[in-house]
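Structure assessment
Read off the chains here:
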Amino acid sequence: MKKDSLTDQMYELPEAARLLRLPGATLGRWLNGYKRNGTQYAPVLREVPGDDSCFTWGEFIEAAHLLEYRLMHKVSMGTLRDYMKEWRDYLGVKYPLAHRQAYVGVKPRMRYPWAKVFKSKVEFENGVVRRVWLDGKENLVLIDPGRSFGIPTVRWIRAEILHELVTAGDDAQEIADDYSLKLCQVQAAIKFENLRQVGKQVNHHVLAA
């Protein structure tokens, strides 16, 4: 992994939202902040608002991590902003949640218990997140900037391709045989893509609650 890979631009906002199963408007607010009723709210993923909606690899990883805080544990946006600022100041890096240091040897008050869950979904290289399994490693679908430009894959096959073949009526076992995959790998790709299609609607409801 290149030393500056966390700053490499990876996804436009619509694609990042699709991968994370979030409404684009919500993710856009996380990235660049927003104004409501005359009050300006700072972004969560950036120190200051930007003039673009393209996600770096570091911003994508942090968004995936913060999504668990927000959806699964109902942490407020104000708390997340303060949390991110403290981490940036503590580690002195732009994308603290994409660094291994954020998960080991930190001050107890900064270590949320569910950070351990997210750590189990990523793999580090040279101290930073190299790849991520958004649904957990047991679900086999990998996102890696070095594979298919960061498009989700099972081994080296794009999950969306396997899903399209099944949707078109091909037999899952035959697809597995054709691509030298296991049936469970094809099934994982189908599950991932199905969840990605419905996830935005589900998460939108939860975030609005």
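Just above, that's the structure.
We now turn to the structure provided with this report. (Residues numbered from 1 in each chain as written. Predicted model: local features only at pLDDT ≥ 70, side-chain atom pairs only at ≥ 80, totals over all residues. Heavy atoms only, no water.)

Concerning the environment of Gly50
Mapped onto the elements of the fold, Gly50 is located in the loop between strand S3 (39-41) and strand S4 (54-56). The exposure class assigned to Gly50 is partly exposed, which follows from its relative accessible area of 36%. A C-alpha to C-alpha distance of 8.0 Å links Gly50 and Leu31, two positions 19 residues apart in sequence. (Helix = DSSP H or I, 4+ residues; strand = E, 2+ residues; numbered from the N terminus. Buried < 20%, exposed > 50% of the residue type's maximum accessible area, 1.4 Å probe, protein only.)

Topic: the side chain of His65
Tracing the chain through its elements places His65 in helix H3 (residues 57-73). Side-chain polar atoms of His65 contact the side chain of Tyr69, separated by 2.9 Å. In contact with His65, other than residues within four places in its own chain, are Leu97, Tyr103, Ala115 and Phe118. (Polar contact = N/O pair within 3.5 Å; in protein donor to acceptor, adjacent residues only side chain to side chain. Contact = heavy atoms within 4.5 Å.)

Regarding the packing of H3 against helix H4 (residues 77-91)
Two quantities define a packed helix pair, namely the angle between the helix axes and the distance between the axes. Look at H3 against H4: their axes get within 11 Å of each other, and the N-to-C directions meet at 140 degrees. Judged by the inter-axis angle, H3 sits oblique to H4. As H3 runs across H4, the sense of the crossing is right-handed. Contacts between H3 and H4 involve Glu62, Leu66, Tyr69 and Arg70 from the first element and Met77, Leu80, Tyr83 and Met84 from the second. (Axes fitted to C-alpha atoms, helices over the stretch in contact; angles between N-to-C directions. Parallel < 35°, antiparallel > 145°, perpendicular 65-115°, else oblique. Left-handed = near helix turned anticlockwise from the far one by under 90°.)

Focus: unusual backbone geometry
You will see that Leu140, though not glycine, has its phi angle at about 75 degrees, which is positive. The topology assignment puts Leu140 in the loop between strand S6 (128-132) and strand S7 (153-154). With a phi close to 55 degrees, Ser180 is a non-glycine residue in the positive phi region. Tracing the backbone through its elements, the reader meets Ser180 in the loop between helix H7 (172-178) and helix H8 (183-208).

Things to note about the packing of aromatic side chains
According to the stated counting rule, one finds seven aromatic pairs in the structure shown. Seen in terms of ring centroids, Tyr34 and Tyr41 are 4.9 Å apart; in terms of plane orientation they differ by 20 degrees. Their pairing is stacked. Look at Trp87 and Tyr90: their rings are 5.9 Å apart centre to centre, the planes differ by 70 degrees, and that puts the pair in the edge-to-face class. In this pair, Trp87 and Tyr90 both sit in helix H4, three residues apart, roughly one turn of the helix. Here the aromatic cluster, defined as three or more aromatic residues joined through ring pairs, consists of Tyr69, Tyr83, Trp87 and Tyr90. The residue whose ring lies beneath Arg147 is Trp156, and the NZ or CZ to ring-centre distance is 4.2 Å. (Phe/Tyr/Trp six-rings, centres within 6.5 Å; stacked < 30°, edge-to-face > 60°. Lys NZ or Arg CZ within 6 Å of the ring centre and 35° of its normal.)

Scope: geometric values only; no functional claims are made or implied.
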